[in-house]
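Chain by chain, the residues:
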Amino acid sequence: MRALSRAFTALTALGTTALTALVPLSPPAALAVPGAAFPPPAGRAPAPVPPSAAASAPARAAGSAPGTAGRACETPPTHRIAQVQGGGDASPLAGQTVRVAGVVTGDFQQTGGLGGFFLQDPVPDADPATSEGLFAFARDTFKDVKAGDRVLVTGKVVEFNGLTELSPVTAVDVCGAGTVTPVRRRLPRAAGTTFEPVEGMLVAFPERLTVTDHYNLGRYGEITLSSEGRLYQPTDRPGVDAALNERRSLLVDDGSTVENPAKVPHTGPRTVRLGDFARGVTGVMAYGFGRYRLQPTRPLVVRQAGPRPSKPFPVPGNVKVASLNTLNWFTTLRSRGASTPQEQRRQLAKLVSALKGLDADAVGLMEVENNGPAAVGALVDALNAEAGAGTYAAAAHPAPGTDLIHVAMIYKPARLRPVGPARSSADPVFRRPPLIQTFRRVRGGEPFTVIVNHFKSKGCDAAATGPDADRGDGQGCYNGERVRQAAATLGLVKSLRLPGPLVLGDLNAYGEEEPIHTLEAGGLTSVSKRFIPARLRYSYLYDGRSGELDHALVGRDLIGRVTGATIWHINADESRILDYNTEYNPPDLYRPDAFRSSDHDPLIVGLTLPGGR
């Protein structure tokens, strides 16, 4: 959608407000229509014409009077498209007016589209570094064309937002019909290469490509596909190469300039999820906003990789403990959470559905409004209204800190009995102090201790200096603070002599980053690394890469009691247009279910504790 920002400006100038979705082109792999040959560029020998292009079709010229169309088509091109494109990122002819010939491969002239069309020379030159395709910024109000038209286009060569194009266009002459076969490409791209040699060309990717990002689906109609499965964060697991991730990726746009369209692509019959896939992806390769992006010329058929997980994978054990980041559950409106009472009701319905589905005996919660018992109490009341009176109770946080959000914990009194009061820490390293509660099963037996944490985020600001500055190693800002918080957590386990410690929460660190390594070096074991297959071990999506920010780590005296773990993928795989917000999300997509109740997936740990009745 954002491929040509100039189209936004032009649309605004024209006062255009209509929302028009991309109209898929009917010709599939090739634009197989009879064509008429063009005269060669002035002073150049004719290029060989494929047999399919030998037949002529009636010629039409922009603004021509009767009988003049043929004469316009007899005016030869001054250059071939490959000469306009050149062998580098920028055209060697920038600023010059040229006349080129080609076949229309992508028609995006309609209101809300890209404001023009792509044309391609059906007879490539001998240089693989030069593209045969070009964008012409000419709306249908200037001259309406369609895919398969043979055209002669006159215009000024410019580099707009990184895309070589003709603008302004002064003439478009339709001189018959022609054929262009898509050039086939596979991912990953070879090291050191880009899509520049096929910029503006019709390209097909025959292999299976996986949906690895949909963050901008609702706003710009974009998804990112990748070869060889989804992409993972390089700091989340061994063997992930950041550069290879880039070469495996393909951004697929929607051929539109409409922002927050009423009809979002890839939302029917089910909204696309991470892990879904497509084959035979075909379109023209454009460039804009710093990235190559494919503008589809035929419908992109996204197939479901599997059903949505309506409930978490069962974990064995006699106690279940879970972790859930609530994505700013606030009872105060227009703060960090819901802006209106309607949004608040929608958010609460989704959180209740997620918590009911988890059905855990204790749940550590992050991003709950720090307003005493109000926010967590409202959540417990709504949950109990669904699960049954008294099913859950909240553990009171003795020192929640001064941040707008704090960590919280709810538990089932019929299943677990608190051993002593809840505790915390006064160490200033914790911006959101941990909540520590020891439990036994109601029937007695071995105790265990839940330590709910929410470490500092990776976001950068002016205070992120020294060891907290972004070192460019993928760990983001405030990694030093998160390491200090991890060390302080280990200190609490030791100094408080916590029995059966279970450290869980949103630690804002991926699996192979220093904060997690610090906890592991201090004697804790990652439950997810031990029990969850690597391909399923993720809880968050950022920049098209999946990874695990939400962790559960246990001490040596508890690791033998862990009998399973799972991550319930109800959020990270789902598009954000399904959440509770009403500002831009299409209203017909909302459901009061667990899907996209947050941006983090919940983690569940199963324990089998001995003793008791």
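Quick notes on the rules
- Residues numbered from 1 in each chain as written.
- Predicted model: local features only at pLDDT ≥ 70, side-chain atom pairs only at ≥ 80, totals over all residues.
- Heavy atoms only, no water.
- pLDDT = per-residue confidence, 0-100.
- Contact = heavy atoms within 4.5 Å.
- Disulfide = S-S within 2.5 Å.
- Helix = DSSP H or I, 4+ residues; strand = E, 2+ residues; numbered from the N terminus.
- Buried < 20%, exposed > 50% of the residue type's maximum accessible area, 1.4 Å probe, protein only.
- Pairing = 2+ DSSP bridges.
- Axes fitted to C-alpha atoms, helices over the stretch in contact; angles between N-to-C directions.
- Phe/Tyr/Trp six-rings, centres within 6.5 Å; stacked < 30°, edge-to-face > 60°.

**Digging into the confidence of the model for the protein chain**
Caution applies to low-pLDDT regions: their predicted coordinates should not be interpreted in detail.
Argument step 1. Of all residues in the protein chain, 89% have pLDDT values of 70 or greater, and the mean over the chain is 91.
Argument step 2. This stretch, residues 3-37, has a pLDDT under 50; its non-local contacts, to residues over four places away or in other chains, come to 105 contacts.
Argument step 3. Between residues 63-67, whose pLDDT stays under 50, and residues either more than four places distant or in other chains, the model counts two contacts.

**Things to note about the state of the cysteines**
Argument step 1. For the structure on display, the rule yields two disulfides.
Argument step 2. Note that Cys73 is cross-linked by a disulfide to Cys175, the S-S spacing being 1.9 Å. Its S-S torsion of about -90° marks the bond between Cys73 and Cys175 as left-handed, since a negative value means left-handed. One end of the pair, Cys73, is in helix α2 (residues 69-74); the other, Cys175, is in strand β6 (residues 163-177), and 102 residues separate them in sequence. Considered together, Cys73 and Cys175 belong to a single accessibility category, that of buried residues.
Argument step 3. Disulfide pairing is shown between Cys460 and Cys477; the S-S distance is 2.0 Å. For the disulfide bridge between Cys460 and Cys477, the dihedral angle about the S-S bond is near 95°, and by the sign convention the bridge is right-handed.

**Considerations on the pairing of strand β4 (residues 133-136)**
Moving residue by residue along a regular strand, the side chains alternate between the two faces of the sheet.
Argument step 1. Neither face of β4 is left uncovered, since the one carrying Gly133 and Phe135 and the one carrying Leu134 and Ala136 both have all their residues buried.
Argument step 2. Strand direction decides the pairing type here: strand β3 (residues 116-120) and β4, joined by four bridges, are antiparallel. Bridge assignment links Phe117 to a residue of β4, and that residue is Ala136.
Argument step 3. Both β4 and β6 contribute to a ladder of two bridges, which runs parallel. When the sheet's bridge partners are listed, Phe135 is paired in β6 with Glu165.

**Topic: the sheet that holds strand β28 (residues 603-607)**
Argument step 1. Overall, mixed pairing links the six strands, which are arranged β17-β18-β16-β15-β28-β27 in an open sheet. Two strands bound the open sheet, and with one partner strand each, they are β17 (393-394) and β27 (562-567).
Argument step 2. Of the strand pairs in this sheet, strand β16 (residues 362-369) and strand β18 (residues 405-411) are connected by six bridges, and their pairing is antiparallel. Its bridge partner being in β18, Leu365 is matched across the sheet by Ala408.
Argument step 3. Helix α6 (residues 341-358) contacts β15 (319-329), β16, β18 and β28 of the sheet and is inclined by roughly 165° relative to β15.

**Focus: the packing of aromatic side chains**
Argument step 1. By the definition in use, this model includes seven aromatic pairs.
Argument step 2. Ring geometry for Phe108 and Phe118: centres 5.9 Å apart, planes at 90°, overall edge-to-face. Placement of Phe108 in strand β2 (residues 97-108) and of Phe118 in strand β3 is noted, with a sequence separation of 10 residues between them.
Argument step 3. Its relative accessible area of 1% is what places Phe108 among the buried residues.
Argument step 4. Judged by relative accessible area, Phe118 falls into the buried class, the value being 0%.

**Section: unusual backbone geometry**
Argument step 1. Along the chain, Leu187 connects to Pro188 via a cis peptide bond; the corresponding omega equals 0°.
Argument step 2. Structurally, the position occupied by Pro188 is in the loop between β7 (183-184) and β8 (202-205).
Argument step 3. Looking along the chain, the bond that leaves Gly268 and enters Pro269 is cis, with omega of 0°.
Argument step 4. On the secondary structure map, Pro269 appears in the loop between β11 (249-252) and β12 (277-278).
Argument step 5. For Phe289, which is not glycine, the phi dihedral falls at a positive 55°.
Argument step 6. With respect to the helices and strands, the residue Phe289 is situated in the loop between β13 (281-288) and β14 (291-296).
Argument step 7. The phi dihedral of Asn328 is positive, around 60°, even though this residue is not glycine.
Argument step 8. Its location among the elements puts Asn328 in strand β15.
Argument step 9. The exposure class assigned to Asn328 is buried, which follows from its relative accessible area of 14%.

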